[in-house]
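# Coordinates in review
Spelled out, the chains give:
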Amino acid sequence: MKFPRFFHTAAVLGLAALFALPTAGHAATRCVSTAAQLHNALAEVRTATDALFLIRVRTGIYQATAQTGPFELIQGHSNQLVDLSGGWSGANGACTSQSYDPSLTTLIGTASTPALSVYAGVLLSWDPLAEAPFNAKVSVFGLTLKNPSFTKAYITHSNLEDFPYDYWEPESACFNGLVGLDSNELLLDRLHIRDCRAPNNGNAAGFVRNIGATLTMHNIVARQSSSLGNAGLRVDSKGGVTTLSQISITGMETNASCKNPGTSNTLFYLDRASGLELRSTEGGVLHLGNSVVWGNTLCPSYGSKDIWAVLGVWDDGNPNTIHDNVWVAGSGGDLWLDHVRTGYWNYTTPIQPAHVSSVVLGDPGFVAPGNPMPRPGSPLIDKGNPNPQGGTGSYDASGRTRVLGGTVDIGAYEAQPNQAPTLVLAPTYAVSPGAPVNTLVFTATASDDGMPSPLSYSLTSLCPGMFAINASTGAVRLLAANPPAGGECDVSVAVSDGALQATATTHVTLQPTLPDTIFANGFDG
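Residues numbered from 1 in each chain as written. Predicted model: local features only at pLDDT ≥ 70, side-chain atom pairs only at ≥ 80, totals over all residues. Heavy atoms only, no water.

Helix and strand counts for the protein chain come out as two helices and 32 strands. Buried positions account for 53% of the 525 residues belonging to the protein chain. In the protein chain, of all internal contacts separated by at least 6 residues, the share reaching a separation of at least 24 is 74%. For the protein chain, the accessible area works out to roughly 21000 Å², and carbon and sulfur atoms hold 56% of it. (Helix = DSSP H or I, 4+ residues; strand = E, 2+ residues; numbered from the N terminus. Buried < 20%, exposed > 50% of the residue type's maximum accessible area, 1.4 Å probe, protein only. Contact = heavy atoms within 4.5 Å. Areas by Shrake-Rupley, 256 points an atom, 1.4 Å probe, with all protein chains shown as cover.)

Here you go:
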């Protein structure tokens, strides 16, 4: 596809105008509950001139198809605020209340289109005399983006036609973002980006570009994705100011067949980091703070598949041999790293060295591999900068209050105090007469916050040798067949998260086998 054209304006306007409220009578709201409605609402932004345009997406799963069209938002009007947010619900299909949990609203892309594309502050016309938009802001909140089936390949030079390579943006499987022009802004908050597969493309989770504007990203989780080159996030700041804070990236994997630029196939596999690639050029300023990138694997043709490796080297196309998951190119721009937890990082720049403060190497203490929530005792807890560039946001990536305890945590998740599991059993259960060994009696199902360990079940009974419980699933079955005489006894189940425990007791009745009353006294004819 051809992207709308954009360029730098002659003067930089004050950012205060970005947050000015729209005038009364110039607002539009779209409440969507189907994939077709979502496509239509996003497409409407291109022509809508309302000062405030709200797209509220009800909880659910939205699968893009050839029939619905892609999920693509293109904004190019001055003095306009566009807000796209998930988690909405209400009676009769309305959007009257909102959950801040991104997992409740999922957008899924297709084999040829990302889960979501957002272009803010771009020219909608190819006319060289067209007026560039200014004082526009696009905000995206509270969504999960997935695309396990993206098969589109990188664009070759022959496909670019007359479109300037300088403004060409390769598509990624899950998220494409772009903000252009000096006084415009793109804000991304509380996004889950996961299960993004791009076997023929250099980007999987996301690719976001800032061309001389303002880009803010916080409380974003990228996990469990793969591609030819950059399985995680790539963020470019070509001029303008870009801030990333409270970011967690893990479980990214590059494909072993990734290629070097300049090979005979002419494909541009420019993205060669598995976790996070940062580029700050042409006077751009890029901040990364309160973030963790860890547990990603890299294509062996560019170095060891070291899952502890996180930050890497950009060397203008020359193959490198550094352990690299996050790729930093600061040529001609400023790069600031503050309160970052990782396994390895590096950078290269011919002009301005990176500004580094509190970059710590080592295990971040995730709940589990591929799950970046901090476990109890994690070095991420209360170790963040309370006032990072770009802010922390009011809610973490789960939609919970951002700061708990002494100070903000590092990463997208704020550690929650461990809560004991909750277990409720029915008052009584009955076992059928003559039930054989291994008959399911009931299943104990507990709820928990997932920390610090997976739930484990145990059982005690006043009928020894009669019942057994599966420690992982909570399924209670007969160890012996129900005896003809039946019986009854209390059964107590305990469930533990490794630190705290809950118990519940129920009464089980073993129904007796009824005697044969017809033949009990013989057959009387």
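Read on for the rest.
As a further point, take the layout of surface pockets. As a volume, the second largest pocket reaches approximately 200 Å³. In terms of lining, the second largest pocket is formed by 14 residues, of which the most central are D83, S85, Q98, F141 and R190. Of all the elements in the fold, those that place two or more residues in the lining of the second largest pocket are β2 (52–58), β5 (81–89) and β11 (185–198). Looking at the lining of the second largest pocket, its residues break down into six nonpolar, four polar and four charged. (1 Å grid on protein atoms, 1.4 Å probe; cavity = no way out; pocket = protein on both sides within 12 Å on 5 of 7 lines; lining within 4 Å. Points joined across faces, edges and corners; volume = space filled by probe spheres on them. Nonpolar A, V, L, I, M, F, W, Y, C, P; charged D, E, K, R; others polar.)

Enumeration according to the criterion identifies three aromatic pairs in this entry. Note on Y100 and Y395: the rings are 4.2 Å apart at their centroids and 20° apart in plane angle, and the pair reads as stacked. Residue Y100 is located in the loop between β6 (97–98) and β7 (105–108), and its partner Y395 is located in the loop between β23 (371–374) and β24 (422–423); the two are separated by 295 residues in the primary sequence. On the accessibility criterion, Y395 (27% relative accessible area) is partly exposed. Sitting over the face of the ring of W88, R56 holds its NZ or CZ atom 4.2 Å from the ring centroid. (Phe/Tyr/Trp six-rings, centres within 6.5 Å; stacked < 30°, edge-to-face > 60°. Lys NZ or Arg CZ within 6 Å of the ring centre and 35° of its normal.)

Core analysis: the biggest nonpolar cluster contains 61 residues, and L38, L116 and I193 have the highest contact counts within it. Apart from the residues lying within four places of it in its own chain, the contact partners of L116 are L42, F71, L84, L107, V140, L143, L145, C174, F175 and N176. (Core = buried A, V, L, I, M, F, W, Y, C linked by side-chain atoms within 4.5 Å.)

So, about the pattern of salt bridges. Proximity of charged atoms lets side chains of opposite charge pair with each other. Applying the stated rule across the entire model yields eight salt bridges. With a shortest N-O distance of 2.7 Å, E44 and R30 are connected by a salt bridge. Here E44, found in helix α1 (residues 35–44), pairs with R30, found in strand β1 (residues 27–32); they are 14 residues apart in sequence, far enough to count as distant. By relative accessible area, which is 27% here, E44 ends up partly exposed. Assessed through its relative accessible area of 29%, R30 is described here as partly exposed. (Salt bridge = Lys/Arg side-chain N within 4 Å of Asp/Glu carboxyl O.)

To continue, consider the state of the cysteines. The tally for this structure, following the rule as stated, stands at three disulfides. A sulfur-sulfur distance of 1.9 Å marks the disulfide that ties C31 to C95. Residues C31 and C95 are joined through a disulfide that is right-handed, its torsion about the S-S bond being 75°. One end of the pair, C31, is in strand β1; the other, C95, is in the loop between β5 and β6, and 64 residues separate them in sequence. Judged by its relative accessible area of 9%, C95 is buried. (Disulfide = S-S within 2.5 Å.)

On to the pairing of β1. Two strands pair when backbone bridges link them, and β1 and β2 are joined in this way by six bridges, in the parallel orientation. Bridged to R30 within β2 is I55. Chirality of the crossover, the property in question, places the unit of β1, α1 and β2 among those that are right-handed. (Pairing = 2+ DSSP bridges. Right-handed = clockwise from strand over helix to strand, strands pointing away.)

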